[in-house]
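# Structural overview
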Amino acid sequence: MARISVKVDGIAYEDDVEPRLLLVHYLRDRLGKTGTPIGCDTTNCGACTVLLDGRSVKSCSVLAVQADGCDVTTIEGVSSNGEWHPVQKAFHEEHALQCGYCTPGMILASIDLLKDDPDPSEDAVRQGLEGNLCRCTGYCNIVRAVRRAAQEMRVTTP
Amino acid sequence: MTEQLDAGAVAQQIREHDALDAPGGGSEVGRARRRKEDARLVTGRTQWTDNIQLPGMLHVAFLRSPMAHARITRVDTSAARTRRGVVGVFSGQDFAGEQGSLPCAWPVTADTVIPEHPPMAVTTVRYVGEAVACVVAVDRYAAADALEAIEIDYEPLEPVLDMTEALAEGGPKVHEAGNESFTWKFAGGDIEAAFHEAPVVIDRTYVQQRLIPSAMEPRAVVAQTDGDHFTLHSSTQIPHVLRVMLALTTGIPEHKLRVIAPDVGGGFGSKLQVTAEEVLCLLITRRLGKPVKWTESRSEGNMTVHHGRDQLQNIRVAADADGRIRGVQVKLLADMGAYLMLVTPGVPLLGAFMYNGVYKMDAYDFTCTGVFTNKMPTDAYRGAGRPEATYAIERLMDELAVEIGVDPMEIRRRNWIQHSEFPYTTICGLTYDSGNYEAATDRALALFGYDKLRAEQSDRRERHDPVQLGIGISTYTEMCGLAPSRVLGSLSYGAGGWEHADVRVLPTGKVEVVTGTSPHGQGHETAWSQIVADSLGVPFEDVAVLHGDTATSHKGMDTYGSRSLVVGGIAVVHACDKVKEKARQVAAHLMEASPDDVEFSEGRFRVRGTGTSQTIQEIALATFAAHNLPDGFEPRLDASATFDPENFSFPHGTHLCAVEVDTETGATAIRSYVAVDDVGNVINPLIVEGQVHGGIAQGIAQALFEEAVYDSDGNLLTTTMADYLVPSAADLPNFTTDRTETPATTNPLGVKGVGEAGTIASTPAVVNAIVDALRPHGVHDVRMPCTPERVWRTLRTGGGEPA
Ligand code: FES
Ligand code: FES
């Protein structure tokens, strides 16, 4: 067992964990942060994407012990003061989700993408989200949503 | 019209979207309502089955067969039992007396061979991945760890992996009864006369590769019991069907079994199943008295969630010299896999009535043989039978055009059912109630810039450009809205095709709709609210839709086959009609008028010719209080309706795809994709557009990327998402979509269903485009998926007969 301290969605946790415990299982099974789903076992689908110290990672490819001392943001911590993040709003507005299973990961990957490129082209969004699979939407509306959020965020944070 | 394709500006797209949202004259139906479902999904407050944690819950892990075909000679679970955290270890033998056989509800012929299908193998394994034992432990890691301590000895048997070889005399057998499950025939008209001295006969064989449905949420099951009653949560499309089937399989009485489909992360047919794991989790919880959970890994799922397609299609067409079709003959081999699951044998039959497509002909002849192999069973996958049929006929229409020497669009126009000919009874005996192929096609051609692209194509051909342009057409129709119960009965299906709805009016005038459909991404909570809001004149926000729990929704046939709106939505309409009729009685009584003088619109009952009125909310409260109701009036406005459709519905459309194929590398890039679909009237254009987008993506995936590959020993090679290529955003283009609206005449909403249309249409559009690009090189077929390697090899070997 290893002792870790980690902040998840603004709350500090200290826990003893098996060294092999995956971050995503720590979030889901130990902390009850079930907003982050699991879609595969080979780090291909991106469903489990969270932000680790502000950058997107696939939480199924990170050990809980590697998150020691880090700040984790999951989909449950993306809204602030009850107000949805512009990316959440844009996904809703553009109908960028159907079953919604890929959505938490898509939203967090998009937030990270927009940090690097606040005005991405369609192609940049498609390339940037390559690691996140969606079986329902065919991606058109996801691309629209990310670009809409980008526009929104440029307006609100000049 | 190519500006449309280039209109990339986000602002433009947003305007287009928001224009959809403009309410049309106070009406909800037709409005691009943003979905009610989204709030929990974008904030992570979802209820996936795997989220469920119950006190004392145990975790199940399955040991799966590494052999495609073998006899189990020894099982030793003793070492596994001693592992940390292990509560129980079971093999097939431990459940042999109670596990029954997984059901097949569709014996398509009287002599269909339906082998015993034990949820956990007892004596013989017949595909890689079949469950042979399981561990029940305190957490998922402990359960997985202990699997390695189970010892099983196998005596290998020769696997059957190829359908044609399977049917040859004297080879190995999957089951004692042999490798043929059934042969089903269907015919209309005189096929011999059609082919006799026909000026043109074309004969092709197409391979429908095996696909893995790949819903993003892996399956998960939670089972619990209080010793008498059982509750099963499952990531399923069919909680109602599942409850009946599990009751029949396990012997748990139906009234003591509650099945819940909580939030379900996609299905596409793959969760239209009664699975071994669902049965076994119930048996384990019954045995141990503890709640248990099983969640599959993706690699496990790729092996053991039923696969789709896998057919070998021989299709022949006879035509006149001008290209008019005389007859079509289809001979199909359909790979059942190792067992028949819920509707395995019925899948090819759903395609049997669709090989004629949108075309007129004098004769049709269809034969399908279901073949057992040592592979995962196949079953419904988005479109189920109809994508295969559409692929074959649309590919063949292109071949016919080449043979006759006309443009492929022209050959279609010469043969399709004219708008003026509807309703039209096809050679298969189906009556297509409505359609307008000309309108959808004309709009698609304009959006696509067809003539300009053809001009560019000839230019590139003349220049011997290494990158060739190809244009693919698919003018498809499909039969959906499954299904008229009588027709299902005539096809030997084990159940009906009706759907049920309850509409409850609460004291405050809010409305609860209980639907028998079971959405898993389709947005029924939103669309049904729109329908009810219009019908009862209540605000959209005042409607809640309940579904997916047999305790709240006792009656339903669930969601598949693009049936939810066309069958389930109509049940909602009928239930609302009954509510209004009751409310009219109360309103008339309260306003001291004759019910005949009371009219209803926009939520208000008015006495004709007076200013007197009452809102439906006032009537709701008065009915709740029940102080002053008509004599003998039962104090409730609630009503139920069960709707059984009289006919299928027939969406149609024209999909056009332009590809650039690099003849030096074999790489294909989709340059533009235009889809004009006619799904009848539309409840929510945003949801319809989303369904079309997703459908197109899955159809393109079959054309270009996906294939479940088994090696010569029967091992599945594509167990991960690194090997089985579900396309990402980077792999797909933007789609230009539009609609024509020719209302269905068979239901009061005029709707046709949209869940499968995109998938059915897009695969042939893409492959037709690739073949079109390569025709100057002598290519007339490329086997799917048309990977760069396949295209490259086909170019070098010429032709394109299936390997
Ligand atoms: S679950 Fe992490 S990438 Fe698939
Ligand atoms: S919305 Fe279902 S997987 Fe993306």
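Since the structure is predicted, the reported quantities are computational estimates derived from the model, not experimental observations.

## A short note on the sheet that holds strand 4 (residues 55-58) of chain A
Residues and elements named next belong to chain A. If you trace the five strands from one edge of the open sheet to the other, you get 2-1-5-3-4, paired in mixed fashion. Each end of this open sheet is capped by a strand with a single partner; those strands are strand 2 (11-17) and strand 4. In this sheet, neighbouring strand axes are inclined to one another by 40° on average, regardless of whether the strands run parallel or antiparallel. With two bridges connecting them, strand 1 (residues 2-8) and strand 5 (residues 71-73) associate as parallel partners. Bridging from a neighbouring strand, V8 pairs with V72 of strand 5. Lying over the sheet, helix 1 (residues 23-30) contacts strand 1, strand 2, strand 3 (49-52) and strand 5, oriented at roughly 105° with respect to strand 2. Relative to the sheet, helix 3 (residues 103-116) contacts strand 3, strand 4 and strand 5, its axis offset from that of strand 3 by approximately 45°.

## Observations concerning the interface of chain A and chain B
Contacts between chain A and chain B engage 52 residues on the former and 63 residues on the latter. Applying the counting criterion to the chain A and chain B interface returns six salt bridges. Of the charged contacts in the structure, one is a salt bridge between A:E93 and B:R34, with a shortest N-O distance of 3.2 Å. The tally of links between chain A and chain B comes to 25 residue pairs in polar contact (both at pLDDT 80 or more). Counting residues per element, the side of chain A that touches chain B draws most heavily on helix 5 (residues 140-156) of chain A, which supplies six residues.

## Focus on the packing of aromatic side chains
Residues and elements named next belong to chain B. Tallied over the entire structure, the rule returns 18 aromatic pairs over all chains. Taken together, a centroid distance of 4.6 Å and an interplanar angle of 35° make the contact between Y432 and F650 tilted. Pair noted here: Y432 is in strand 17 (residues 431-432) and F650 is in the loop between strand 25 (639-643) and strand 26 (652-662), with a separation of 218 residues, a long-range link. F650 carries the same exposure label as Y432, and that label is buried. Members of the aromatic cluster, each reached through a chain of ring pairs, are W184, F186, F353, Y355, Y364 and F366. The ring of F540 carries the charged tip of K36 above its face, separated from the ring centre by 4.5 Å. In this structure, K555 packs its charged tip against the face of W498, placed 4.3 Å from the ring centre.

## Some remarks on the nonpolar core
If you look at the biggest cluster of nonpolar residues, it comprises 196 residues, and the most contacted ones within it are A:F91, B:W184, B:F366, B:Y673 and B:I770. It is helix 13 (residues 386-404) of chain B that provides the largest number of residues to this core, a total of nine residues. Judged by nonpolar contacts, the second largest core, of 43 residues, contains B:V505, B:V573, B:L629 and B:L749.

## With respect to the domain arrangement of chain A
Residues and elements named next belong to chain A. Per the domain assignment, the segments of chain A are domain 1 (2-77) and domain 2 (86-156). Inter-centroid distance (C-alpha atoms) of domain 1 to domain 2 is 22 Å. The interface is formed by 18 residues belonging to domain 1 together with 14 residues belonging to domain 2. Contact between domain 1 and domain 2 buries roughly 1200 Å² in total, counting both sides, with carbon and sulfur atoms accounting for 54%. Interface area lost by domain 1 to domain 2 is led by T49, R55 and I75, which between them contribute 38%. Linking domain 1 to domain 2 there are two salt bridges. Across the pair R55 and D116 runs a salt bridge, and its minimum N-O distance is 2.8 Å.

## Re the domain arrangement of chain B
Residue and element names in this part refer to chain B. Here chain B is described as being made up of domain 1 (50-157 + 216-266 + 271-304), domain 2 (308-482 + 647-797) and domain 3 (498-643). Buried area between domain 1 and domain 2, both sides added, is near 2400 Å², and the carbon and sulfur share of it is 70%. Counting the contacts that link domain 1 with domain 2 gives zero salt bridges. Counting across the domain 1 and domain 2 interface gives ten residue pairs in polar contact (both at pLDDT 80 or more). Taken together, the elements giving at least two residues each to the side of domain 1 that touches domain 2 come down to helix 9 (239-250) and helix 11 (298-304). No other element matches helix 11, which puts five residues into the side of domain 1 that touches domain 2. Counted by class, the side of domain 1 that touches domain 2 contains 20 nonpolar, eight polar and four charged residues.

Cut-off values and rules
- Residues numbered from 1 in each chain as written.
- Chains lettered and ligands numbered in written order.
- Predicted model: local features only at pLDDT ≥ 70, side-chain atom pairs only at ≥ 80, totals over all residues.
- Heavy atoms only, no water.
- Pairing = 2+ DSSP bridges.
- Helix = DSSP H or I, 4+ residues; strand = E, 2+ residues; numbered from the N terminus.
- Axes fitted to C-alpha atoms, helices over the stretch in contact; angles between N-to-C directions.
- Contact = heavy atoms within 4.5 Å.
- Salt bridge = Lys/Arg side-chain N within 4 Å of Asp/Glu carboxyl O.
- Polar contact = N/O pair within 3.5 Å; in protein donor to acceptor, adjacent residues only side chain to side chain.
- Phe/Tyr/Trp six-rings, centres within 6.5 Å; stacked < 30°, edge-to-face > 60°.
- Buried < 20%, exposed > 50% of the residue type's maximum accessible area, 1.4 Å probe, protein only.
- Lys NZ or Arg CZ within 6 Å of the ring centre and 35° of its normal.
- Core = buried A, V, L, I, M, F, W, Y, C linked by side-chain atoms within 4.5 Å.
- Domains from an automatic or database assignment.
- Buried area = accessible area lost by both parts, 1.4 Å probe.
- Nonpolar A, V, L, I, M, F, W, Y, C, P; charged D, E, K, R; others polar.

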